[in-house]
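# A look at the structure
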Amino acid sequence: MSKAVVFDMQPGLKDLWFLPLGGCGEIGMNLNLYGHDGQWLMVDCGVTFYNPLQPLSTAAPKLTAEVQAADPSFICQQRERLSAIIITHAHEDHVGALIHLWPRLQAPVYCTPFTAEILRRKIARSGLSTEMPIIEIPPGGTCQCGPFLINWLNITHSIPEPQALLISTEAGKVFHTADWKMDAAPILGRAFKPQVFKRLAKQGITAMVCDSTNALKSGFSLSETACYQALLEVIKPVKQRVVVSGFSSNIGRLISLGRVAQQSGRYLALFGRAMENMLGAARQCGFWPEDIPLIDVGHIGFLPPEEVLVVATGSQGEPRAALTKLAEDRHPHLLLEENDLVIFSAIMIPGNEMLISRLIDKFKAKKIQVLQPSDTLLPIHVSGHPNQGELDLLYRYVKPAIAVPVHGELPHMQANAAVARQAGVPQQLLGQNGDLFVLAPQARCWQNFVKAGRIAIDN
Ligand SMILES: [Zn+2]
Ligand SMILES: [Zn+2]
């Protein structure tokens with residue numbers, strides 16, 4: 001059969017297909033398609049950020065735009081077959097491209113209320129995609145999109161309302177984990193509930209499409225509560241100003257820092273537009289505890305040092321972010337002094353090492369103390385993704401017939417597949433963006449079904 005014939009083929013009633021256009025073979029710009037009975041379902045529509053140090057697995061080599069997304073041409077050319085767009089959670093690698101690509105897609109968007117709030121804010125700021133229909137599904141809810149029945153499943157991650165998906169069709173069922181970890185004590189939202197996933201095994205899961213981000217790490221990720229305790233332990237004895245930098249979308253972490261402020265006699269101020277935006281969304285959705293001693297940014301500079309706790313954007317050394325302004329004494333609301341403490345409650349994203357170390361040097365030159373996760377045994381940052389122990393458990397709970405590792409580079413996905421094999425999953429399918437994973441009726445991976453690529457996103 002020639003490739004041209006295959007390209008025109010559509011999934012039939014007996015077919016269940018998985019076709020990742022982005023996020024498979026890389027971490028970032030997730031864009032997944034499921035095909036059944038002549039229809040497609042999109043799961044997530046994210047961006048990635050240009051990183052000159054990282055090899056581009058599936059990209060046009062010359063694309064150096066700062067923000068990039070998966071090339072959606074395959075589905076745009078047949079958008080009448082796109083039943084819906086499902087967004088699992090509000091991280092940029094899952095939702096960041098949606099308002100830019102939606103005019104070419106035109107399908108209804110389903111997401112939880114927090115993700116919807118983030119989307120509405122993006123639309124209001126950009127003026128893009130004002131016509132986009134957003135259908136809010138409560139966490140743990142259900143919706144029918146064409147031939148796909150979708151059960152949204154509460155899981156734990158590092159942003160409010162993370163959802164895994166059970167996608168049921170007449171040809172089979174997919175359990176799409178999206179980003180997850182097993183957190184028995186998240187600061188915000190429900191704890192991870194094994195029963196939800198053990199129940200799936202009884203339904204007969206054809207394939208589990210699973211997050212590979214931390215599949216090279218053994219053991220288990222640590223809870224957000226452990227991170228809260230670590231931050232409290234570090235900050236409580238300090239007598240100077242404390243600045244913590246981390247990812248603004250981790251509302252649970254912001255609440256932890258609010259509690260640390262409460263317990264250490266400090267006031268909390270949030271520096272950076274992204275922080276303010278996330279706080280607004282969290283408040284709008286009723287997630288922000290109003291007893292947290294939050295103070296207007298304009299007032300923080302007048303407090304004695306031992307009463308100051310600032311959370312600032314810029315943990316990756318971004319030159320325009322609040323943390324860099326603090327390092328260069330050009331923040332309008334606060335001037336740091338000798339012995340003040342700057343804490344990085346975030347990972348160093350590969351590629352950003354240079355920017356971050358330059359930033360740290362600036363603080364150190366002023367004798368401002370810096371604490372990074374690598375400087376301490378205390379978990380001042382915890383990941384939102386599963387280690388091998390969690391992957392193993394989830395495979396044993398769900399008992400899929402096929403494991404499809406995604407959301408990782410090849411070594412992460414290979415490690416994920418090895419865990420699946422050990423956990424008794426009979427078949428593992430490894431592929432990358434553009435490959436067609438036939439999940440039913442007969443499992444196989446068809447390489448280069450679609451030419452994968454990237455497009456620039458104009459931010
Ligand atoms: Zn992700
Ligand atoms: Zn995520």
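On a predicted model such as this, the values are computed, not experimentally measured, just so you know.

## What to know about the nonpolar core
One finds Leu-19, Leu-33, Met-42, Ile-85 and Leu-98 to be the most contacted residues of the largest nonpolar core, which totals 39 residues. With five residues, helix 4 (residues 98-105) is the single largest residue contributor to this core. Grouped together as the second largest cluster of nonpolar side chains are 37 residues, Tyr-228, Ala-230, Val-242 and Ala-261 included.

## Overview of the coordination of the zinc ion (ligand 1)
All of the protein donors around the zinc ion (ligand 1) are Asp-93 (OD), His-94 (NE2), Asp-179 (OD) and His-407 (NE2); their distances to the metal are 2.1 to 2.2 Å. One way to put it: the four donor atoms around the zinc ion (ligand 1) meet at angles of 86 to 158°, and that makes the site irregular. Sequence positions of the donors to the zinc ion (ligand 1) reduce to the motif D-H-x84-D-x227-H. Between the two metal centres, the zinc ion (ligand 1) and the zinc ion (ligand 2), the spacing is 3.6 Å, with Asp-179 acting as a shared donor. Placement of Asp-93 in helix 3 (residues 92-95) and of His-407 in the loop between strand 19 (402-406) and helix 13 (410-422) is noted, with a sequence separation of 314 residues between them. Side by side, Asp-93 and His-407 carry an identical accessibility label, which is buried.

## Side note on the layout of surface pockets
Considering only enclosed or pocket space, the second largest pocket measures out at about 310 Å³ in volume. What lines the second largest pocket is a set of 22 residues, and nearest its centre among them are Glu-161, Pro-162, Leu-188, Gly-189 and Arg-190. Counting contributing residues, the lining of the second largest pocket receives three or more from each of domain 1 (3-219 + 384-456) and domain 2 (224-375).

## Details of empty space enclosed by the protein
Taken as a whole and assessed by the stated rule, the structure comprises one cavity of 30 Å³ or more. What the largest cavity holds in volume is close to 80 Å³. Where the lining of the largest cavity is concerned, the elements lending two or more residues are strand 12 (172-178) and strand 13 (207-211).

## Description of the coordination of the zinc ion (ligand 2)
Looking at the zinc ion (ligand 2), one finds its protein donor set to be His-89 (NE2), His-91 (ND1), His-157 (NE2) and Asp-179 (OD), positioned 2.1 to 2.3 Å from the metal centre. Coordination at the zinc ion (ligand 2) is irregular: its four donor atoms span angles of 92 to 159° at the metal. Read N to C, the donor residues that coordinate the zinc ion (ligand 2) are spaced as H-x1-H-x65-H-x21-D.

## Some points on the sheet that holds strand 16 (residues 308-312)
Ordered in space as 15-16-14-17-18, the five strands form an open sheet in which the pairing is parallel. Because the sheet does not close on itself, it has two edges, and the strands there are strand 15 (267-271) and strand 18 (369-371). Within this sheet the neighbouring strands show an average axis-to-axis angle of 20°, counted without direction. Judged from the three bridges that link them, strand 17 (residues 341-344) and strand 18 form a sheet pairing that is parallel. Among the inter-strand pairings, Leu-341 is bridged to a residue of strand 18, identified as Gln-369. Strands in contact with helix 7 (residues 224-235) are strand 14 (242-245), strand 16, strand 17 and strand 18; relative to strand 17, the strand with the most contacts, it is inclined by about 165°. Contacting strand 14, strand 15 and strand 16, helix 8 (residues 251-263) runs over the sheet at an angle of about 170° to strand 16.

## Comments concerning the packing of aromatic side chains
One pass over the structure, following the stated rule, counts nine aromatic pairs. Between Trp-17 and Phe-449 the ring centres are 5.9 Å apart and the planes differ by 75°, which places this aromatic pair in the edge-to-face class. Taken together, the residues span a long stretch of sequence, with Trp-17 in strand 1 (residues 16-22) and Phe-449 in the loop between strand 22 (444-446) and strand 23 (454-456) at a distance of 432 residues. Its relative accessible area of 4% is what places Phe-449 among the buried residues. Ring centres of Phe-175 and Phe-197 lie 5.8 Å apart, and the angle between their planes is 50°; this geometry places the pair in the tilted category. On the criterion of sequence distance, the pair formed by Phe-175 in strand 12 and Phe-197 in helix 6 (residues 194-203) is long-range, its members being 22 residues apart. When its relative accessible area of 0% is taken as the criterion, Phe-197 is described as buried.

Conventions and cut-offs
Residues numbered from 1 in each chain as written. Chains lettered and ligands numbered in written order. Predicted model: local features only at pLDDT ≥ 70, side-chain atom pairs only at ≥ 80, totals over all residues. Heavy atoms only, no water. Core = buried A, V, L, I, M, F, W, Y, C linked by side-chain atoms within 4.5 Å. Buried < 20%, exposed > 50% of the residue type's maximum accessible area, 1.4 Å probe, protein only. Helix = DSSP H or I, 4+ residues; strand = E, 2+ residues; numbered from the N terminus. Donors = N, O, S within 2.8 Å, 3.2 Å for Na, K, Ca; no water. Tetrahedral: all angles 85-135°; square planar, octahedral: opposite > 155°, others 65-115°. 1 Å grid on protein atoms, 1.4 Å probe; cavity = no way out; pocket = protein on both sides within 12 Å on 5 of 7 lines; lining within 4 Å. Points joined across faces, edges and corners; volume = space filled by probe spheres on them. Domains from an automatic or database assignment. Pairing = 2+ DSSP bridges. Axes fitted to C-alpha atoms, helices over the stretch in contact; angles between N-to-C directions. Contact = heavy atoms within 4.5 Å. Phe/Tyr/Trp six-rings, centres within 6.5 Å; stacked < 30°, edge-to-face > 60°.

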